[in-house]
Amino acid sequence: MTLEEMQKQKIYLITVFDRCEPYSRWGYHLGDTRSVGFRYSFELAEEVVKNNMCDIWEYCYRDYACIEELGCELYPYAQERWFYKYNRDINGYEEIEEPVFLKDHGPIGGIG
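Anyway, here's the lowdown on the structure attached to this text. These numbers come from a predicted model, not from an experiment.

### Observations regarding the sheet that holds strand 7 (residues 92-96)
Moving on, step 1. An order of 4-1-5-6-7 is seen for the five strands of this open sheet, with the pairing classed as antiparallel. Looking at strand neighbours, the two that pair on one side only are strand 4 (33-39) and strand 7, the edges of this open sheet. Neighbour to neighbour, the strand axes of the sheet diverge by 30° on average, direction disregarded.
Moving on, step 2. Here six bridges tie strand 5 (residues 64-71) to strand 6 (residues 80-87), and the two strands are oriented antiparallel to one another. Bridging across to strand 6, Tyr64 finds its partner in Lys85.

Spelled out as structure tokens, the structure:
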């Protein structure tokens, strides 16, 4: 794979966290976070989240999830991201709007 081809490649990082609330005027609090893995397409990443595959909810407390589109590079920054909230009735996550207080903040997941 050439460098040019690699720079076009995307991964979709899946991160779960237990809180989603503003901390102060400039920050936020996500509580305990964990990047559980990635997929090479958004559709496959969303399938993992919506169906709570491998119990990414982790038994009872990871109420939020985020999928971040990242380029294959060092210290990647999310080019796009989607947020989800866990629904106990369906044992899966449902998409929600990106919280306003997170719109201008850095990555949710942990690479780099």
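### Description of the environment of Phe17
Moving on, step 1. Along the chain, the position of Phe17 falls in strand 1 (residues 10-17).
Moving on, step 2. Along the backbone, Phe17 and Trp57 are 40 residues apart, and their C-alpha atoms lie at a distance of 8.7 Å.

### Some remarks on unusual backbone geometry
Moving on, step 1. The backbone phi angle of Cys54 is positive, close to 55°, even though this residue is not glycine.
Moving on, step 2. Along the chain, Cys54 turns up in the loop between helix 2 (42-50) and strand 5.
Moving on, step 3. In the Ramachandran plot, Asn91 falls in the positive-phi region, its phi being about 50° despite a non-glycine side chain.
Moving on, step 4. Here Asn91 is to be found in the loop between strand 6 and strand 7.

### Brief notes about the environment of Ala65
Moving on, step 1. Its place among the elements puts Ala65 in strand 5.
Moving on, step 2. Accessibility expressed as a relative area gives 0% for Ala65, which makes it buried.
Moving on, step 3. Through-space distance from the C-alpha of Ala65 to that of Tyr84 is 5.0 Å; in sequence the pair is 19 residues apart.
Moving on, step 4. In contact with Ala65, other than residues within four places in its own chain, are Thr15, Val16, Phe17, Val49, Trp82, Phe83, Tyr84 and Tyr93.

### What about the packing of aromatic side chains?
Moving on, step 1. Applying the stated criterion across every chain yields a total of seven aromatic pairs.
Moving on, step 2. On the numbers, 4.3 Å between centres and 40° between planes, the contact of Phe42 with Trp82 is tilted. A residue pair is termed long-range when its members are at least 10 positions apart, and Phe42 in helix 2 and Trp82 in strand 6 qualify at 40 residues.
Moving on, step 3. Since its relative accessible area comes to 15%, Trp82 is described here as buried.
Moving on, step 4. For the ring pair Tyr86 and Tyr93, a centre distance of 5.2 Å and an interplane angle of 75° mean the geometry is edge-to-face. As far as the burial class goes, Tyr86 and Tyr93 line up, both buried.
Moving on, step 5. Within the aromatic cluster, the residues linked to one another by ring pairs are Tyr12, Phe42 and Trp82.

Cut-offs used in this document
- Residues numbered from 1 in each chain as written.
- Predicted model: local features only at pLDDT ≥ 70, side-chain atom pairs only at ≥ 80, totals over all residues.
- Heavy atoms only, no water.
- Pairing = 2+ DSSP bridges.
- Helix = DSSP H or I, 4+ residues; strand = E, 2+ residues; numbered from the N terminus.
- Axes fitted to C-alpha atoms, helices over the stretch in contact; angles between N-to-C directions.
- Buried < 20%, exposed > 50% of the residue type's maximum accessible area, 1.4 Å probe, protein only.
- Contact = heavy atoms within 4.5 Å.
- Phe/Tyr/Trp six-rings, centres within 6.5 Å; stacked < 30°, edge-to-face > 60°.

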